[in-house]
Amino acid sequence: EDPSLERHFKGHRDAVTSVDFSRAKKQLASGSMDSCLMIWSMKPQMRAYRFLGHKDAVLCVQFSPSGHLVASGSRDKTVRLWIPSVKGESTVFKAHTGTVRSVHFSSDGQSLVTASDDKTIKVWTVHRQKFLFSLSQHINWVRCARFSPDGRLIVSSSDDKTVKLWDKTSRECIHSFCEHGGFVNHVDFHPSGNCIAAGSTDSTVKLWDVRMNRLLQHYQGNSVVNSLSFHPSGNYLVTASSDSTLKILDLLEGRLLYTLHGHQGPATCVAFSRDGDLFASGGSDEQVMVWKTNFDADYGEVVKPQKYCSSVDETHGTGSEMDGGIHHKKTKTQDSVRTHEQQEEENSLANTLEHIMGQLDVLTQTVSILEQRLTLTEDKLKECLETQQKIIQNRTN
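Note that the structure is a prediction, hence the values are computed from the model and not measured.

1. Section: the overall build of the protein
Counting its secondary structure elements, the protein contains 1 helix and 30 strands. Split into buried and exposed, the 397 residues of the protein put 51% on the buried side. Considering only contacts in the protein between residues 6 or more positions apart, those separated by 24 or more positions represent 47%. For the protein, the exposed surface amounts to about 19000 Å²; the carbon and sulfur share of it is 50%.

2. Here we look at helix H1 (residues 340–396)
The terminal C-alpha atoms of H1, which comprises 57 residues, lie 83 Å apart, in line with the 84 Å expected from a rise of 1.5 Å per residue. All buried positions along H1 are accounted for by Gly 358, Asp 361, Thr 364, Gln 365, Ser 368 and Ile 369. Buried-residue contacts for H1 involve strand S8 (78–82) and strand S9 (90–94).

3. Here's the deal with the sheet that holds strand S28 (residues 287–292)
What the 4 strands build is an open sheet, ordered S1-S28-S27-S26; its pairing is antiparallel. Looking at the sheet topology across the chains shown, the edges are occupied by strand S1 (4–10) and strand S26 (267–272). Strand-to-strand twist in this sheet, taken as the mean axis angle between neighbours without regard to direction, amounts to 20°. Relative to S28, strand S27 (residues 278–283) runs antiparallel, the two being bridged by 5 bridges. In the strand pairing of S28, Ser 281 is matched with Met 289.

4. Focus: the packing of aromatic side chains
For any pair of aromatic rings, the description consists of the separation of the ring centres together with the inter-plane angle of the planes. Taken as a whole and assessed by the stated rule, the structure comprises 8 aromatic pairs. With a centroid separation of 6.0 Å and an interplanar angle of 5°, the aromatic rings of Phe 279 and Trp 291 are classed as stacked. Of this pair, Phe 279 sits in strand S27 while Trp 291 sits in strand S28, placing them 12 residues apart in sequence. For the pair shown, Phe 279 and Trp 291 are each scored as buried. An aromatic cluster is present here, built from Tyr 49, Phe 51 and Trp 82 joined pairwise through their rings. Here the basic side chain of Arg 47 rests over the ring of Tyr 49, its NZ or CZ set 6.0 Å away from the ring centre.

5. Focus on a negative patch on the surface
Residues Glu 378, Asp 379, Glu 383 and Glu 386 make up a contiguous surface patch of negative charge. Topologically, Asp 379 is positioned in helix H1. Residue Asp 379 is classed as partly exposed on the basis of its relative accessible area of 42%.

6. Here's the deal with the sheet that holds strand S21 (residues 214–220)
Two modes of strand pairing occur in sheets, parallel and antiparallel, and in both the strands are linked by backbone hydrogen bonds. Strand order in this open sheet of 4 strands is S18-S19-S20-S21, and the pairing throughout is antiparallel. Of all the strands in the sheet, the pair left with one neighbour each is strand S18 (184–189) and S21. Geometrically, the sheet is characterised by an average inter-axis angle of 20° between neighbouring strands, direction not taken into account. Two elements, strand S19 (residues 195–200) and strand S20 (residues 204–209), share 5 bridges in a ladder whose sense is antiparallel.

7. Thoughts on the pairing of S26
In terms of burial, S26 is largely enclosed, as 6 of its 6 residues are buried. As consecutive antiparallel partners, S26 and S27 are separated by 5 residues, and within that stretch Gly 276 has a phi angle of approximately 85°, a positive value.

8. Re the pattern of salt bridges
Across all of its chains, the model carries 9 salt bridges by this definition. When the shortest N-O distance is used, the salt bridge between Arg 152 and Asp 150 registers 3.4 Å. By sharing partners, the salt bridges in this structure join Lys 25, Asp 275 and Asp 277 into a single network.

9. Remarks on the environment of Val 290
Positionally, Val 290 belongs in strand S28. With 284 residues separating them along the chain, Val 290 and Glu 6 place their C-alpha atoms 5.5 Å apart. Leave out the neighbours within four places in its chain, and Val 290 touches Ser 4, Leu 5, Glu 6, Arg 7, Phe 9, Phe 21, Leu 28, Met 42, Leu 278, Phe 279 and Ala 280.

10. Points about the confidence of the model for the protein
Per-residue confidence for the protein averages 85 on the pLDDT scale, and 89% of its residues sit at or above 70. When the criterion is pLDDT under 50, residues 298–337 qualifies, and its contacts beyond four places in sequence or with other chains add up to 86 contacts.

11. With respect to a nonpolar patch on the surface
Side chains of Leu 349, Leu 353 and Ile 356 sit close together on the surface and give an oily, nonpolar patch of about 310 Å² of accessible area. Tracing the backbone through its elements, the reader meets Ile 356 in helix H1. A relative accessible area of 46% places Ile 356 in the partly exposed class.

What counts and how
Residues numbered from 1 in each chain as written. Predicted model: local features only at pLDDT ≥ 70, side-chain atom pairs only at ≥ 80, totals over all residues. Heavy atoms only, no water. Helix = DSSP H or I, 4+ residues; strand = E, 2+ residues; numbered from the N terminus. Buried < 20%, exposed > 50% of the residue type's maximum accessible area, 1.4 Å probe, protein only. Contact = heavy atoms within 4.5 Å. Areas by Shrake-Rupley, 256 points an atom, 1.4 Å probe, with all protein chains shown as cover. Expected span 1.5 Å × (residues − 1). Pairing = 2+ DSSP bridges. Axes fitted to C-alpha atoms, helices over the stretch in contact; angles between N-to-C directions. Phe/Tyr/Trp six-rings, centres within 6.5 Å; stacked < 30°, edge-to-face > 60°. Lys NZ or Arg CZ within 6 Å of the ring centre and 35° of its normal. Patch = residues over 30% accessible without salt bridge, like charges linked within 9 Å, V, L, I, M, F, W, Y side chains within 5 Å. Salt bridge = Lys/Arg side-chain N within 4 Å of Asp/Glu carboxyl O. Lys, Arg positive; Asp, Glu negative; His and termini not counted. Charge placed at Lys NZ, Arg CZ, Asp CG, Glu CD. pLDDT = per-residue confidence, 0-100.

Written as structure tokens, this is what we have:
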């Protein structure tokens, strides 16, 4: 069965720039050139929220891992953190001196990495909302930055045509991949953390192994690649291109599986849901579309990395062996001997913990908003007192 269009969201008044699903797929966030962030409910007939605050185009949005916060970056040079259910309140991060093109939470939800036209990548703490450090070696706009699944590495892509890999602890650039012939619009880590994929204005998608720093796969398209997203199984990659198509690549076979035509005009962004059942896309046509994945239903049982062969570039006919980067296996392991009860207990504990983390996110955010209000009130009070004193002085004079 082919992927099929499931839902259609209309409400933005300019090109959609970014889309992301919340963890439980209850909500979908989108950013747009219309300076708005929109939160759509996946339940039919439920209304959407429009969040106002940015003074210019919103270029990137992402839900925190718990789904209780949304981060956005804008051409107004700021990053904002929102509570997706509370109307219109956000806290502002200011440190970039140029347009912010990318925001990404670490998988533990504790850090945020942002990328900007000021040629830097910045890392922040989410709870204290403090700027931690900058990574600056790119010599042009930085389009995208992502944490690795384990949070130890950061990958970034830039208009200087390079993809850079950084060590978060030492804050040093470990490697630069310079194979792209154009600006590198988007980059992300494979769910295993062992390889990265990047899409470029040179119409290619390239995959590299980050342990060996070598090219694994190369897909030649016929239009600018604006965005890409890995399926959680790690077996598929979806891309959004300027020729208005979405393409689904089968990474195991090393070939194009589907080309989807839905958008009128460039497809600007695309993202899989956390479980991979759905993916969302946005375009210059102001539309947000949600697609049902419909791939082989067996991907839930992806187990340990397997060695397998994959062609890098059909045109050159070079084969390369991919070890543990992308994997696929459909047999059950002996591990299922673990009792069902144990599993249930672990699951409920994990859920409780996640819920607590989510509540913490909201509390931190609420406290920050209250602090901002308090500061405003104090400032107003100060003004009033000063004015009062001036009046008294004038009277006595």
